[in-house]
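Each chain, letter by letter, is given below.
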Amino acid sequence: DYATHYRQMEPETKTLARHLPPLSRGAVAAVRVYEMRVEPYTTRSCNHLKLHKEVHIQRRTGKWRLEEIREFYTFGGALIASRTESVGNQLTRSGFYAGSTLLPIPEKAPPGRYRVVSKLVLKSGSGTTVLARTSASFQVIN
């Protein structure tokens, strides 16, 4: 299962709500925190890495979609793979969320450094907006 599974973290949601500014009047959503780490940092081909993500989102209800785009790059910048998934059904209200997913390392992945980039994207009738972006690197060894 390569889908991201988020869960809301109540204590962190309450703490951040006291310290972050409110959602601006014209905005439908804003991401205040978006971080990702990879576990383990070093792996071999044909294995899986676990991506741990944290996000704090402020949102309003409405007819718009929230998607997460995950891109897998060589350290030199060549795109290897991309995956888009809808996460609006998990991030249903303002708050702090923690999530994780698996990233498969292809059998033919040569040794070297790689990077995973993740973007939270708002899609509505007026277009597409990148709300936040984060990345993490890892290494494939023989």
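Residues numbered from 1 in each chain as written. Predicted model: local features only at pLDDT ≥ 70, side-chain atom pairs only at ≥ 80, totals over all residues. Heavy atoms only, no water.

A. Structural context of the overall build of the protein. The number of helices and strands found in the protein is 1 helix and 9 strands. From first element to last, N terminus to C terminus, the protein shows the α and β order β-α-β-β-β-β-β-β-β-β. Its C-alpha atoms give the protein a radius of gyration of 16 Å, within 12% of the compact-globule value 14 Å for 142 residues. Along the three orthogonal principal directions, the C-alpha set of the protein runs to about 50 × 35 × 25 Å. Taking all 142 residues of the protein together, 42% fall into the buried category. Considering only residue pairs separated by 6 or more positions, the protein has 71% of its internal contacts joining residues 24 or more positions apart. About 8,000 Å² of surface is accessible on the protein, with carbon and sulfur atoms providing 50% of the total. A gap of 6 Å separates the mean positions of the 22 positive and 11 negative side-chain charges of the protein. (Helix = DSSP H or I, 4+ residues; strand = E, 2+ residues; numbered from the N terminus. Rg over C-alpha atoms; globule rule 2.2 N^0.38 Å. Buried < 20%, exposed > 50% of the residue type's maximum accessible area, 1.4 Å probe, protein only. Contact = heavy atoms within 4.5 Å. Areas by Shrake-Rupley, 256 points an atom, 1.4 Å probe, with all protein chains shown as cover. Lys, Arg positive; Asp, Glu negative; His and termini not counted. Charge placed at Lys NZ, Arg CZ, Asp CG, Glu CD.)

B. Structural context of the nonpolar core. Counting residues in hydrophobic clusters, the biggest one holds 15 residues, and the most contacted among them are Tyr6, Val31, Tyr34, Val55, Leu66 and Leu91. Elements with a contribution of two residues or more to this core: β2 (29–39), β4 (48–59), β8 (112–124) and β9 (127–140). Ranked by residue count, the leading element in this core is β2, at 3 residues. The residues touching Val31, leaving out its near neighbours within four places in the chain, are Val55, His56, Ile57, Leu120, Leu131 and Ala132. (Core = buried A, V, L, I, M, F, W, Y, C linked by side-chain atoms within 4.5 Å.)

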